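Report on the structure
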Amino acid sequence: MSWTLVIWLSAGAYAFKMLGFVVVGSRTLPDVLSRCLMLIPAALLGAMVLNGTFTDAQSVVIDERAVGLLVAVVAAWRKLPLIVVVVLAAATTALLRMA
Amino acid sequence: MKLRIESDVRPVVTSALALSGAVGVFALAFGVLAVGAGASVWQTCALSFFAFTGASQMSAMSIISTGGTVSAALGSGLLLAARNGVYGLALSPYFGESLGKRLLAAHFVIDETTAMMTAQTNPRLQKIAFWTTAIALFSLWNLGTLIGAVLGGSIDPHTYGLDVGFTAAYITMLVPHLRTKNGRAAAAGGGLLSVVLAPFLPVGLPILASGLAIFIGVKPQRVQVPV
């Protein structure tokens, strides 16, 4: 992997943190804009979960990962610790792939 | 020597430490997963030290691991980092005028420090909450990343289901955002877009396109800062 990504992501992340904190200072954003910005994590995390589970390159597929996802959802819903959720989901998928 | 901590400070410090411990475990997962995606140990650690914003780091690495381009990875990482700008706006009034201190504090403006600071009611505790969380969390985030990255080198990601490990981590990060109606709609909308568009766009771009789901927020509704 190239360092380009590391450098630009680091610079960009700091720029955003500073933008609100230092540059904009005590001025406020229009309500509608901050409402939309605060939805970014929900939209992108939702995409990461479903895209990561149901696509392979450019095809839509259902495979072992769907079962892993199901296990993760149940584990997260039962409020198990993060590491347990991750291990259960990964282990389920690994076992199915071995079978 | 006995360390004296005033009684009202103790709960703040305790919860900052507990939160940081949990985040440290998450960092461990990030380290393993990033190295599995093809980053070196140094690159993985540099991301945690300099980018220091978990969801952005994770999404960038997972797009790389599925064969997406650097631009797509950067795009999704930056979109996720944009919310820290909004947190900065919320925290700005709590800090003094000193530019140097603001430039330093800015690096630590993330989900957890925002939640901890805004949960306090008096200025002294707010400051303690922010800096205790910032220092403890930054230390454990970087330590966890290093350990995970070193361990991760000896693991084949596909065999051990690490790709689904990424997904599982996203689910736990997604949960707080599902408390509001808009959050649920954005998550469902973004998720659907990213699958439906997959056959028509290069790998990684459907994730960026899912960002369109944030326009659900145009419709008025009270949205709280996720905790």
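All values reported here derive from a predicted model rather than from experimental measurement.

On to the overall build of chain A, then. Check the secondary structure of chain A and you find five helices and two strands. Counted from the first residue to the last, chain A has its helices and strands arranged as α-α-α-β-β-α-α. Dimensions along the principal axes, computed over C-alpha positions, put chain A at roughly 55 × 35 × 25 Å. Per-residue burial for chain A yields a buried fraction of 47% across its 99 residues.

One frequent convention defines the size of an interface as the accessible area lost when the parts assemble. Between chain B and chain A, the residue contacts involve 89 residues of the former and 67 residues of the latter. Of all the secondary-structure elements, those providing two or more residues to the side of chain B that touches chain A are α1 (10–36), α2 (41–51), α3 (54–65), α4 (70–91), α5 (99–106), α8 (162–174), α9 (181–196) and α10 (205–209) of chain B. Looking at the side of chain B that touches chain A residue by residue, the classes come out as 57 nonpolar, 29 polar and three charged.

Once that is clear, we can look at the domain arrangement of chain A. The domain boundaries assigned to chain A delineate domain 1 (1–30) and domain 2 (39–98). One C-alpha centre belongs to domain 1 of chain A, the other to domain 2 of chain A; they are set 29 Å apart.

Tracing the backbone shows B:His107 in the loop between α5 and α6 (111–118). Sequence separation of B:His107 and B:Asn84 is 23 residues, and the distance between their C-alpha atoms is 9.7 Å. Residues within four places of B:His107 in sequence aside, it is in contact with A:Tyr14, A:Lys17 and B:Phe52.

Turning our eyes to something else, we now look at the nonpolar core. Within the largest apolar cluster, 104 residues are counted, with the highest numbers of intra-cluster contacts made by A:Ala43, A:Leu45 and B:Ala169. Both domain 1 (1–30) and domain 2 (39–98) of chain A contribute no fewer than three residues apiece to this core. Apart from residues no more than four positions distant in its own chain, B:Ala169 is found in contact with A:Leu82, A:Val86, B:Phe26, B:Ala29 and B:Met58.

Let us now look at the packing of helix α5 (residues 82–98) of chain A against α8(B). At a minimum axis distance of 8 Å, the contact between α5(A) and α8(B) shows a crossing angle of 145 degrees. When you trace α5(A) past α8(B), the crossing you get is right-handed. In this structure, α5(A) contributes A:Leu82, A:Val85, A:Val86, A:Ala89, A:Ala90 and A:Thr93 to the contact, and α8(B) contributes B:Leu162, B:Val164, B:Gly165, B:Thr167, B:Ala168, B:Ala169 and B:Thr172. Split into classes, the residues belonging to the contact of α5(A) with α8(B) amount to nine nonpolar, four polar and no charged.

The next thing to look at is α2(B). Spacing of three or four residues puts side chains on the same side of an α-helix, whose turn is 3.6 residues. Taken as a whole, α2(B) has its buried residues at B:Thr44, B:Cys45, B:Leu47, B:Ser48 and B:Ala51. At its buried positions, α2(B) is contacted by α1 (3–23) of chain A together with α1, α3 and α7 (123–152) of chain B. B:Phe52 lies just past α2(B) and shows a positive phi near 40 degrees.

Below, the discussion takes up unusual backbone geometry. Unusually for a residue other than glycine, A:Lys79 sits at a positive phi of about 60 degrees. Inspection of the secondary structure assignment puts A:Lys79 in the loop between α4 (64–77) and α5. Judged by local crowding, A:Lys79 falls into the exposed class, with 9 C-beta atoms found within 10 Å. Positive phi values are uncommon outside glycine, yet B:Phe52 reaches one of about 40 degrees. Structurally, B:Phe52 can be placed in the loop between α2 and α3. Overall, B:Phe52 belongs to the buried group, with 24 C-beta atoms counted inside 10 Å.

To continue, consider the confidence of the model for chain B. Low-pLDDT portions of the prediction should not be read for the details of their coordinates. When pLDDT is averaged across chain B, the result is 87; 95% of the residues are at 70 or more. We note a pTM of 0.79 for the whole complex and an ipTM of 0.87 for its interfaces.

Turning our attention to the environment of B:Leu162. In this structure, B:Leu162 sits in helix α8. Along the primary structure B:Leu162 and B:Ala34 are separated by 128 residues, whereas in three dimensions their C-alpha atoms are 10.0 Å apart. Every residue in contact with B:Leu162, bar those within four places of it in the chain, is listed here: A:Ala90, B:Val32, B:Leu33, B:Gly36, B:Ile155 and B:Pro157.

Reading the values: the criteria
Residues numbered from 1 in each chain as written. Chains lettered and ligands numbered in written order. Predicted model: local features only at pLDDT ≥ 70, side-chain atom pairs only at ≥ 80, totals over all residues. Helix = DSSP H or I, 4+ residues; strand = E, 2+ residues; numbered from the N terminus. Buried ≥ 20, exposed ≤ 12 C-beta atoms within 10 Å, placed from the backbone. Contact = placed C-beta atoms within 7 Å. Nonpolar A, V, L, I, M, F, W, Y, C, P; charged D, E, K, R; others polar. Domains from an automatic or database assignment. Core = buried A, V, L, I, M, F, W, Y, C linked by C-beta atoms within 7 Å. Axes fitted to C-alpha atoms, helices over the stretch in contact; angles between N-to-C directions. Left-handed = near helix turned anticlockwise from the far one by under 90°. pLDDT = per-residue confidence, 0-100.

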